[in-house]
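# Coordinate analysis (summary)
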Amino acid sequence: MIPTANPQPPFITLDSVTKRWSNGATVLDGLSLQAERGEFISLIGPSGCGKSTLLRLLAGLSGLSSGSVKLDGMLPESAREIMSFIFQDATLLPWRTVRSNVELGLELEGKTTESQRHKTSTELLQWVGLSDVADLHPRQLSGGMRMRVSIARALATRPKILLMDEPFGALDEMTRDFLNEEVLRLRENDQFTTFFVTHSVAEAVFLSTRILVLRAKPGQIAREIPVPFSYPRTAALRSAPEFLRLVGEVSAALRSVQVPSNPSNPGHP
Amino acid sequence: MKKFLIQAAWPLAVFVVVITAWHLCCRWLAIPAYVLPQPSAVVRVVIERHQTLWNAFCITALEAGGGYLLSILGGVVIALFFAQSPLIRRSFYPYTILLQTVPIVAIAPLILMWFGSGLRSVMLVAFVICLFPIIANTTQGLISVPRNLIDLFVMSNASRSRQLLKLRLPYALPHLFVGLRISAGISVIGAVTGELFASSNAVGEGGLGYSITYANSQLQTDYLFALVLTASLLGFLFFFTITALEWLCLRKWHESAMKTDAD
Ligand SMILES: Nc1ncnc2c1ncn2[C@@H]1O[C@H](COP(=O)(O)OP(=O)(O)OP(=O)(O)O)[C@@H](O)[C@H]1O
Ligand SMILES: [Mg+2]
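Counting restarts for each chain: residues are numbered from 1 in the order of the written sequence. Key to labels: chains lettered from A, ligands numbered from 1, both in the order written. Reporting in this predicted model follows two pLDDT cut-offs: at least 70 for local features of residues, and 80 or more for side-chain atom pairs to be given and counted; totals over whole chains, interfaces and linings ignore these cut-offs and use all residues. The basis for every side-chain value is the complete set of heavy atoms in the structure, and neither hydrogens nor water enter the calculation.

Glancing now at the overall build of chain A. Runs of H or I in DSSP of at least four residues are treated as helices and runs of E of at least two as strands, each being numbered from the N terminus. Counting its secondary structure elements, chain A contains eight helices and nine strands. Structurally, chain A occupies a C-alpha span of about 60 × 50 × 40 Å along its principal axes. Relative to its 269 residues, chain A shows a buried fraction of 52%. By sequence separation, contacts in chain A at least 24 residues apart represent 68% of the contacts at least 6 residues apart. Using a 1.4 Å probe, accessible areas were evaluated by the Shrake-Rupley method; residue-level cover was limited to the displayed protein chains. On chain A, roughly 12,600 Å² of surface is accessible, and the fraction owed to carbon and sulfur atoms is 52%. Under the convention used here, Asp and Glu are negative, Lys and Arg are positive, and both His and the chain ends fall outside the count. Every charge is mapped onto a representative atom, which is NZ of Lys, CZ of Arg, CG of Asp or CD of Glu. Each charge sign in chain A was given a centre, from 29 positive and 28 negative side chains, and these centres are 4 Å apart. Only protein chains enter the calculation, and the probe is 1.4 Å; a residue is then buried if its accessible area is under 20% of its type maximum, exposed if over 50%, and partly exposed in between. For this analysis, residues touch if any pair of their heavy atoms sits within 4.5 Å.

What follows is the structure in structure tokens.
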């Protein structure tokens, strides 16, 4: 027999993942998903459908009720070393300078010397265009700059997996577009696998290799939409007709999960 | 500098008005000196007895300062203990509130009875009265670290001690300073109160509190005024020192410090 199956298991596997809170509410119900190395997967769906919960499960910050999660063959807790989490707010330590915020992950890992860290942070700050403000404190930066520090900090440990929970949700559209392009540029360099939660359809289409539209109650994947555009992608893509068509398709999918599935008999479970 | 002068002008104006009113009251209403001495009489007694005043000042400063420093140490250690779990807080917090609600004049005689009427006991009174604001504020700071920041440290597999050193303690620092500022003034109240009770068996001239009882019993009201002013000066000094220290520690990054910058 000719071996047709992929000899390597997928990089990331979620197998019928279920999450129930202690109060009995089920937020994710039997969710399965696989991701290959280097994929950029966007999660989009109505508020409260469990996107943040899903990321926290992947990060091992919250436990599963049933099912399994494997990241590069490891359980989430063990895979932390190859993961970075970027939160919605920049979560910088206000008492540290921009530079030492970027170095935080490396410092906590404890595998590098101070001069190595300095070198890494210098490089990264240059990458995200913040060399000039390396010695300032977070409160002296704009929201967009803070987010870039947060991204630089996440990349400093050279993660293979990047989890981002609405990182640009609080920013204005121009800054957001700019940072989107920056993320793609950084991705060219590092080839991390990304899970990206967003409420912006255009952002999801612009960044992703694949978009997962989630539905609430129970939280499951309603639609899976591949994004065919090749990388590197430039700002010009945003006005291309194929791009706009795909944005329309994803928006329609999102609308279809947002209407209650059974409005005629709301009393039914 | 110009800004500083303008800011200082208003309190100074108030000072001048109050002193003038005080002086005029004494003159026109012919108030006896043992009820309300004239401002000039108070100034005279300060100059005449500056040596004894200075001695009393030093003794009380030592007692209040010692108790204050002890309460910082003790308060932070207790706050660290409280921050460990909600169960610990629930079990012990009511008793620390007791520290705050039982009047110091009720505790002071007990402490002096148990530990003798020396300088150390007075220090202990100041310690007890300073403790609660420091415990309460520091605990609050330690437990209010945002979830995301903790998750960030968890994602980096940071140990508990690292989390404490690099996250919780720096995060709690502005809160600690709130407690320190409240306790700075209170420490002097504690020391003076302690001395009031210690005075009966103390030998020779003690601190400000002791001298206050003495001046009061002798109807030396002008001296009493001088002592009260010295005590407030001491409290003010503590407060000023701690505020300066706070500014030094937090000015670079904390919002409250930023606001005074922009002023
Ligand atoms: N610790 C918790 N205990 C109980 N319920 C929780 C907890 N955290 C979240 N939930 C609930 O789980 C559901 C999913 O929350 P989650 O934060 O994952 O949603 P989300 O898709 O990220 O929403 P949003 O788009 O608004 O961020 C919500 O109904 C929320 O109320
Ligand atoms: Mg969310």
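Glancing now at the confidence of the model for chain B. All names here are of chain B. Averaged over every residue, the pLDDT of chain B is 89; the share at 70 or more is 94%. A score from 0 to 100, pLDDT tells how confident the predictor is in each residue. Of the regions scoring below 50 in pLDDT, residues 258–263 engages in five contacts with residues more than four places distant in sequence or in other chains. Per the prediction output, this complex has pTM 0.85; the corresponding ipTM is 0.88.

It is worth spelling out the packing of aromatic side chains at this point. Stacked, tilted and edge-to-face are the three classes assigned to paired rings of Phe, Tyr and Trp, where Trp is represented by its six-membered ring and a pair needs centres within 6.5 Å; plane angles under 30 degrees give stacked, over 60 edge-to-face, the rest tilted. By the definition in use, this model includes 15 aromatic pairs over all chains. Consider the rings of phenylalanine 82 of chain B and phenylalanine 92 of chain B, whose centres lie 6.4 Å apart with planes at 25 degrees: the pair is stacked. One end of the pair, phenylalanine 82 of chain B, is in helix α3 (residues 50–82); the other, phenylalanine 92 of chain B, is in helix α4 (residues 86–101), and ten residues separate them in sequence. A relative accessible area of 40% places phenylalanine 92 of chain B in the partly exposed class. Ring pairing ties together the aromatic residues Phe81, Phe82, Phe92, Tyr93 and Phe132 of chain B, which thus form one cluster. Either the NZ atom of lysine or the CZ atom of arginine qualifies as a charge over a ring when it sits within 6 Å of the ring centre and within 35 degrees of the ring normal. The ring of tyrosine 231 of chain A carries the charged tip of arginine 187 of chain A above its face, separated from the ring centre by 4.3 Å.

Each nonpolar core is a collection of buried residues, namely Ala, Val, Leu, Ile, Met, Phe, Trp, Tyr and Cys, held together in the definition by side-chain atoms within 4.5 Å. Core analysis: the largest hydrophobic core is formed by 93 residues, its most contacted members being Ile12, Leu14, Leu58, Leu163 and Phe195 of chain A. Element by element, the count of residues in this core is highest for helix α8 (residues 160–198) of chain B, at ten residues. Ignoring sequence-local partners within four residues, the contact set of leucine 163 of chain A consists of Leu55, Leu58, Ala59, Met83, Ser84, Phe85, Ile86 and Phe195 of chain A.

Further remarks concern the site of ligand 1. All names here are of chain A. Only heavy atoms are used to decide nearness, and a residue is near a molecule or strand if one of them lies within 4 Å of it. Around ligand 1 sit Trp21, Val27, Ser47, Gly48, Cys49, Gly50, Lys51, Ser52, Thr53, Glu166 and His199, and those are all the residues in its vicinity. What qualifies as a polar contact is a pair of N or O atoms within 3.5 Å, subject to a donor-acceptor requirement within protein and to the restriction that residues adjacent in sequence count only when both atoms come from side chains. Contacts to ligand 1 include glycine 48, whose backbone N or O atom sits 2.8 Å from an oxygen atom. Lysine 51 is positioned such that a nitrogen or oxygen atom in its side chain is 2.7 Å from an oxygen atom of ligand 1. At three residues, the largest contribution of residues to the shell around ligand 1 is made by helix α1 (residues 51–59).

Take the pairing of strand β5 (residues 83–86) of chain A next. Residue and element names in this part refer to chain A. Alternating residues of β5 divide into Met83 and Phe85 and Ser84 and Ile86, and every residue in both groups is buried. The pairing of β5 with strand β6 (residues 161–165) spans four bridges and is classified as parallel. Note that in β6 the partner of methionine 83 across the bridge is isoleucine 161. Being paired, for any two strands, means DSSP has found at least two bridges between them.

What follows covers the sheet that holds strand β2 (residues 26–35) of chain A. All names here are of chain A. Pairing in this open sheet of three strands is antiparallel, and the strands run β2-β1-β4 from one edge to the other. Sheet topology places β2 and β4 (66–71) at the edges, where each strand pairs with a single neighbour. Neighbouring strand axes in the sheet, compared pairwise and without regard to direction, differ in orientation by 15 degrees on average. When strand β1 (residues 12–20) meets β4, the two strands line up antiparallel, connected through five bridges. Looking across to β4, one finds that aspartate 15 is bridged to serine 68. Working convention: axes come from line fits to C-alpha atoms, limited for helices to the stretch in contact. Angles between N-to-C directions cover 0 to 180 degrees. Across the sheet, α1 touches β1, β2 and β4, and the angle it forms with β1 is around 120 degrees.

Turning our eyes to something else, we now look at unusual backbone geometry. Note the cis peptide between lysine 217 of chain A and proline 218 of chain A, where omega equals 0 degrees. Positionally, proline 218 of chain A belongs in the loop between β8 (210–215) and β9 (220–226). A cis amide bond links tyrosine 231 of chain A with the next residue in sequence, proline 232 of chain A, at an omega value of -5 degrees. Mapped onto the elements, proline 232 of chain A comes out in the loop between β9 and α8 (241–258). Positive phi outside glycine occurs at asparagine 157 of chain B, with the angle close to 55 degrees. Mapped onto the secondary structure, asparagine 157 of chain B falls in the loop between α7 (147–155) and α8. Of the residues examined, asparagine 157 of chain B reaches a relative accessible area of 41% and is grouped as partly exposed. At leucine 219 of chain B, a position not held by glycine, the phi torsion is positive, near 55 degrees. Among the structural elements, leucine 219 of chain B can be located in the loop between α9 (208–217) and α10 (221–250).

Residue and element names in this part refer to chain A. Salt bridge, as used here: a side-chain nitrogen of Lys or Arg that lies within 4 Å of a carboxyl oxygen of Asp or Glu. Taken as a whole and judged by the stated rule, the model has 19 salt bridges over all chains. Taking the shortest distance from any N to any O, the salt bridge between arginine 210 and glutamate 39 comes out at 2.9 Å. Here the residue arginine 210 occupies a position in strand β8, and glutamate 39 occupies one in the loop between β2 and β3 (40–44), the gap between them amounting to 171 residues. The shortest N-O distance in the salt bridge between arginine 223 and glutamate 249 comes to 3.0 Å. Taken as a pair, arginine 223 in strand β9 and glutamate 249 in helix α8 lie far apart in primary sequence, 26 residues in all. For glutamate 249, a relative accessible area of 27% puts it in the partly exposed group. Here the salt bridges do not stand alone but share partners, grouping Arg37, Asp72 and Lys160 into one network.

The subject of this paragraph is the sheet that holds strand β7 (residues 193–197) of chain A. Hydrogen bonds between backbone atoms are what pair the strands of a sheet, whose relative direction is either parallel or antiparallel. Residues and elements named next belong to chain A. Strand order in the open sheet formed by six strands is β5-β6-β7-β3-β8-β9, with mixed pairing between adjacent strands. On the outer flanks of this sheet lie β5 and β9, each paired with one strand and no other. On average, each strand axis in the sheet is inclined to that of its neighbour by 15 degrees, with strand direction left out of account. Note that β6 and β7 share five bridges and pair parallel. Note that in β7 the partner of leucine 163 across the bridge is phenylalanine 195. Along the sheet, helix α5 (residues 143–156) contacts β5 and β6; its crossing angle with β5, the most-contacted strand, is approximately 170 degrees.

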